Amino acid sequence: MNRQNISLLGSTGSIGRQTLEVAQLLGLKVCALAANTGGQLLEAQARNFRPSVVAVYNENAARDMKTRLGDTAIRVVSGMDGLIEAVVCPDAGTVVTAVVGTVGLRPTLAAIEAGKRIALANKETLVCAGEQVMRAAAAHGAQILPVDSEHSAIFQCLQAHGPASGGGAPFKRILLTASGGPFRGRTAAELQQVTRREALSHPNWAMGPKITVDSATLMNKGLEFIEAMHLYGARPEQIKVLIHPQSIVHSMVEFTDNTVVAQLSVPDMRLPIQYALTYPDRLPSLTPELDLVQIGALTFEEPDLETFRCLKLALETAEIRGTACAVMNAANEAAVSLFLEDKITFPGIYDAVRAALDSIKNIPDATVEDILAADREARRLVMDRG
Ligand code: MG
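This one's a predicted model, so the numbers in the text were calculated from it and none came from an experiment. (Residues numbered from 1 in each chain as written. Predicted model: local features only at pLDDT ≥ 70, side-chain atom pairs only at ≥ 80, totals over all residues. Heavy atoms only, no water.)

K.L.:
Explain the coordination of the magnesium ion to me, and be specific about the residues and the numbers.
P.N.:
Every protein donor of the magnesium ion is accounted for by Asp 148 (OD), Glu 150 (OE) and Glu 224 (OE), and the metal-donor separations fall at 2.0 to 2.1 Å. Taken in sequence order, the residues that donate to the magnesium ion follow the motif D-x1-E-x73-E. In terms of burial, Asp 148 and Glu 150 fall into one category: buried. (Donors = N, O, S within 2.8 Å, 3.2 Å for Na, K, Ca; no water. Buried < 20%, exposed > 50% of the residue type's maximum accessible area, 1.4 Å probe, protein only.)

In structure tokens form, the structure reads like this:
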């Protein structure tokens, strides 16, 4: 297994496309590509990178891809089995999980069991099954490298410390930054009428639609809070969310002596993607230099938990062990898709998630099966509102 060879899950999404830009720059071999539906873009990626396997989750789209790639030696596989085949591809040392949502859980666990290094961009996997995933990674000696920009920043800040001589968490607090999204400064009443187009225009980052809506509700920061708890073994009271509208400081770590180490860069996902792929080395990247004089000021403020109720809800849910985080995550995914189809309002996203959490019973010592069942129940409940 060569660590320089990657399997890429979710190649046609925003993170997937940027991963391929980085792979091209670094000259990495792409052993497998996987996507939900595929089509022309996936075909072009396959012809360009020549993987041995292309997995398409949707069965009809997989048949179409077989025809498209009929003149090549590339094997086209489908469904969940196909995604798993793509991640366990023998030549690949690193699996980049860039799919959106809980669909990433089983393939991530399969990659861990196969001893792959995981470049994790699928935060929902850790939100819904963080304990199970981290336990499996420890048992199989699989390294998980964060691709989410905040978690990459935290990981980089922690390098400043080195191993703690006394054991235990080397840090006192994680300062998790958030841009505040397009609706920063608005009141709850003003958010009643916002449109899909407004929710999809993020001030600093160009991302896929699901995460962009999550950034507008601040649910994204709630999901990242839970992701950070699992990745760094942090208790909820050790993580502080800070609004930082410029998106230059990607997060910080405060140590015992009150030193705060921060990671700064232009907001560009290709940087955390590359660091996850080259760690522990740093190589020249596609990200432009940071011009602090031109930026002028970096500011920080408290999040408004009364207006951004999804963040408050996520911070409360983070304290509950069991299936609650999976319910919240799945209900949010379903509610965001209803909002994107204009079937519910922007505040309706919170209402749907709240209702799912109130009506589905938490299972404290949950198995992966319990989590997947809770996920399905939450989705069904929310979809009935559409
Ligand atoms: Mg992020």
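K.L.:
So what's going on with the side chain of His 230? Which residues, and what values?
P.N.:
With respect to the secondary-structure elements, His 230 resides in helix α10 (residues 219–232). Setting aside anything within four residues of it in sequence, one finds His 230 in contact with Leu 126, Gly 130, Glu 131 and Met 134. (Helix = DSSP H or I, 4+ residues; strand = E, 2+ residues; numbered from the N terminus. Contact = heavy atoms within 4.5 Å.)

K.L.:
Explain the side chain of Lys 123 to me, and be specific about the residues and the numbers.
P.N.:
Topologically, Lys 123 is positioned in helix α6 (residues 123–140). Side chain to side chain, Lys 123 and Glu 224 meet in a polar contact 2.9 Å long. (Polar contact = N/O pair within 3.5 Å; in protein donor to acceptor, adjacent residues only side chain to side chain.)

K.L.:
Outline the pattern of salt bridges, supporting the account with residue identities and numerical values.
P.N.:
By the definition in use, this model includes 27 salt bridges. Between Arg 75 and Glu 85 there is a salt bridge, with the nearest N and O atoms lying 2.0 Å from each other. Here Glu 85 lies in helix α4 (residues 79–87) and Arg 75 lies in strand β4 (residues 75–78), a separation of 10 residues in the sequence. By relative accessible area, which is 44% here, Arg 75 ends up partly exposed. Notably, a salt bridge pairs Glu 131 with Arg 321, separated by 3.2 Å at the nearest N-O pair. With a gap of 190 residues between them, Glu 131 in helix α6 and Arg 321 in the loop between α13 (309–317) and α14 (324–340) connect regions that are remote in the sequence. By relative accessible area, which is 27% here, Glu 131 ends up partly exposed. (Salt bridge = Lys/Arg side-chain N within 4 Å of Asp/Glu carboxyl O.)

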